[in-house]
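Summary of the model geometry
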Amino acid sequence: MRYTRVLAALLMSCGLTAAAVAAPPVMLNDALITQISKADRASFHEAVAQSLNQSADGQRTEWTSTVQRKKAAPITVQLTPTQTTKAKNDRVCRFLVGEFARTTTTEKWQFWFCKQPDGTWKASSN
């Protein structure tokens, strides 16, 4: 449960909610996204928001962690919106692909995000 809350906190702290995140906690035990340090979370959230707000479909935004836990290698993330659509009520939605890497470990996360009336993005199952 701890890792599900961490993932939800990561998404919510930049104005994103984890409505679409339904992965069992065991799936997130060693996920790279859960290993982003507290000190790096704000800059990671800024990179996600920048990618959703400013990148064209297919344009990559790269983020690299700066704080290394226990002298671990940094985490590098490639964020790429791949589809922009209009949903109900003319809401803009974007499919965001995140490719996480640390040395030889790689992971790919994919979420639909829809822009809310207040300008924040919410993870969506639509």
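Residues numbered from 1 in each chain as written. Predicted model: local features only at pLDDT ≥ 70, side-chain atom pairs only at ≥ 80, totals over all residues. Heavy atoms only, no water.

As for the environment of Q78
Relative to the elements of secondary structure, Q78 occurs in strand β2 (residues 76-86). Separated by 19 residues in sequence, Q78 and V97 place their C-alpha atoms 7.9 Å apart. One polar contact links Q78 to E62, side chain to side chain, over a distance of 2.5 Å. (Helix = DSSP H or I, 4+ residues; strand = E, 2+ residues; numbered from the N terminus. Polar contact = N/O pair within 3.5 Å; in protein donor to acceptor, adjacent residues only side chain to side chain.)

Description of the pairing of β2
With 4 bridges connecting them, strand β1 (residues 61-64) and β2 associate as antiparallel partners. Within β2, the position partnered with T61 by the bridge is L79. In terms of strand pairing, β2 meets strand β3 (residues 92-102) through 10 bridges, oriented antiparallel. Note that in β3 the partner of L79 across the bridge is G98. Between β2 and β3, which pair antiparallel one after the other, the connecting turn spans 5 residues, and N89 there sits at a positive phi close to 60°. (Pairing = 2+ DSSP bridges.)

Some details on the confidence of the model for the protein chain
Residues shown with low pLDDT carry predicted positions that ought not to be read at fine detail. Per-chain confidence: the protein chain averages 80 in pLDDT, with 73% of residues scoring 70 or above. Across the protein chain, β1 holds the top mean pLDDT of 96, while helix α1 (residues 2-12) sits lowest at 43. Across residues 1-22, confidence stays below pLDDT 50; counting only partners more than four residues off in sequence or on other chains, it has 47 contacts. (pLDDT = per-residue confidence, 0-100. Contact = heavy atoms within 4.5 Å.)

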